[in-house]
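# Reading the structure
So the chains spell out like this:
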Amino acid sequence: MTPASDAPVFENLDWPAKRWIRSNILIDSSGHPAGVDGTSRTLTRGRDRALLRLLRQSADVIVTGGATVRAEGWHFPPNGVLLVVSSSDLPLATCPDPDRLRVVTPGSSTASVAAALRVALTQLNATRILCESGPRLLRTLTDENAIDEVFVSVVTSDGHLSAPSIRHHDAGFTQAVARHHLRLQSSRYDLIESVNDPGLTFLRFIRRES
Ligand SMILES: NC(=O)c1ccc[n+]([C@@H]2O[C@H](COP(=O)([O-])OP(=O)(O)OC[C@H]3O[C@@H](n4cnc5c(N)ncnc54)[C@H](OP(=O)(O)O)[C@@H]3O)[C@@H](O)[C@H]2O)c1
């Protein structure tokens, strides 16, 4: 049965009672995070934005990367801090709320991004953290074992996309797309939920306890 378009994708989005870092990303079946205009605005569809808003609503901190800010603009949580990992120029003059902005610059090419992030999150006393970056920063953080829970929405069909359409019910394929492009190794991340909408599959992975 196709769910009502305004029904939540996942029933339980409660945060664990400890520091918890979630990520949320939309990709097409080739792993691209953007549509023809180079942003997610031309890729988003269905309930993807509703899921993003729900996740964002209760976050203390949103983490993203400099390239995403330059492409997508500034997206703050309703009541928290936007933390941007960046070593380059950011369009600070256009930031609508500089008081709620933190920029984290990893020290050198050998310094861990996750370590720099942990320091900043501790200073902010943040427990509910949502990473809304693109795939590059996300892969860096999953490689460094820094993300607890990963939401991936995979676009499965659209006549306007260059990526090949896939059958929306092919859960094995969408899982493989997400795992491959975001480096979610099966030894470290378990798929715990999967929801199929027309043209879009929502996947939810949890990092195994180490
Ligand atoms: N579909 C979606 O859900 C979604 C979400 C977010 C973004 N996007 C799209 O994704 C694209 C950008 O994604 P992206 O992955 O290239 O950029 P990103 O998410 O901004 O992550 C890469 C940026 O992080 C910063 N960074 C600093 N040190 C790093 C390190 N060691 N490893 C990785 N990143 C480091 C850099 O910022 P500086 O360059 O400032 O130093 C780098 O440009 C855009 O097209 C955007 O529209 C889509």
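Coordinates for the structure precede this section.
For clarity, every value in this text was computed on a predicted model and none was experimentally measured.

When its secondary structure is counted, the protein shows five helices and eight strands. Shown N-terminal to C-terminal, the secondary structure of the protein runs as helices and strands in the order β-α-β-α-β-β-α-β-α-β-α-β-β. Taking 2.2 N^0.38 as the reference for a compact globule, 210 residues should give roughly 17 Å; the C-alpha atoms of the protein span a radius of gyration of 17 Å, in line with that estimate. For the protein, the spread of C-alpha atoms along the principal axes amounts to about 45 × 40 × 35 Å.

This paragraph deals with helix α5 (residues 171-182). Three or four residues apart is the spacing at which side chains of an α-helix point the same way, because the helix has 3.6 residues per turn. If you check α5, its first and last C-alpha atoms are 16 Å apart, about what twelve residues at 1.5 Å a residue would give, namely 16 Å. R183 sits one or two positions beyond α5 and adopts a positive phi of about 55°.

Around the ligand, 28 residues are found, and the nearest of them are G65, G66, S86, G134 and R136. Among the elements that make up the shell around the ligand, the one with the highest residue count is helix α2 (residues 66-72) (five residues). Across the shell around the ligand, the residue classes break down as twelve nonpolar, 13 polar and three charged.

On the basis of which strands lie adjacent, the open sheet formed by eight strands has the order β4-β3-β2-β5-β1-β6-β8-β7 and mixed pairing. Lying at the two open borders of the sheet, with one neighbouring strand each, are β4 (101-104) and β7 (189-197). Neighbour-to-neighbour, the strand axes of the sheet open up by a mean angle of 20°, direction not taken into account. Pairing analysis gives three bridges linking strand β2 (residues 61-65) to strand β5 (residues 128-131), with the strands arranged parallel. Each residue of the ladder has a partner; that of V61, found in β5, is I129. In this fold helix α1 (residues 48-57) packs onto β1 (20-27), β2, β5, β6 (149-155) and β8 (200-207), with an angle of close to 165° to the strand it touches most, β1.

Turning our attention to the nonpolar core. Core analysis: the biggest nonpolar cluster contains 43 residues, and V61, V63, I129, C131, V150 and V152 have the highest contact counts within it. Once residues lying within four places of it in the same chain are set aside, the contact partners of I129 are W20, I21, R22, A59, D60, V61, V63 and L121.

Its location among the elements puts A7 in the segment before β1. Exposure remark for A7: the 11 C-beta atoms within 10 Å place this residue in the exposed category. Residues A7 and R47 lie 40 residues apart in sequence; the distance between their C-alpha atoms is 8.4 Å.

This next bit is on the pairing of β6. Most of β6 is tucked away: seven of the seven residues are buried. Across the two faces of β6 the burial is the same, with E149, F151, S153 and V155 and V150, V152 and V154 all buried. Both β1 and β6 contribute to a ladder of six bridges, which runs parallel. Bridging across to β6, I27 finds its partner in V154. Where β6 lies against β8, seven bridges are found, and the strand directions are antiparallel. By the bridge assignment for β8, V150 is matched with F205.

When a strand is regular, its side chains alternate between the sheet's two faces. Across the five residues that make up β2, a large majority, five, are buried. Going residue by residue along β2, you find V61, V63 and G65 tucked away on one face and I62 and T64 tucked away on the opposite face as well. Here β2 runs beside strand β3 (residues 81-85); their pairing, made up of five bridges, is parallel. For V63, the partnering residue across the bridge sits in β3 and is L83. Handedness of the crossover joining β2 and β3 through α2 is recorded here as right-handed.

Calculation rules
Residues numbered from 1 in each chain as written. Predicted model: local features only at pLDDT ≥ 70, side-chain atom pairs only at ≥ 80, totals over all residues. Helix = DSSP H or I, 4+ residues; strand = E, 2+ residues; numbered from the N terminus. Rg over C-alpha atoms; globule rule 2.2 N^0.38 Å. Expected span 1.5 Å × (residues − 1). Near = placed C-beta within 6 Å. Nonpolar A, V, L, I, M, F, W, Y, C, P; charged D, E, K, R; others polar. Pairing = 2+ DSSP bridges. Axes fitted to C-alpha atoms, helices over the stretch in contact; angles between N-to-C directions. Contact = placed C-beta atoms within 7 Å. Core = buried A, V, L, I, M, F, W, Y, C linked by C-beta atoms within 7 Å. Buried ≥ 20, exposed ≤ 12 C-beta atoms within 10 Å, placed from the backbone. Right-handed = clockwise from strand over helix to strand, strands pointing away.

All we've got here are geometric facts, nothing functional implied.
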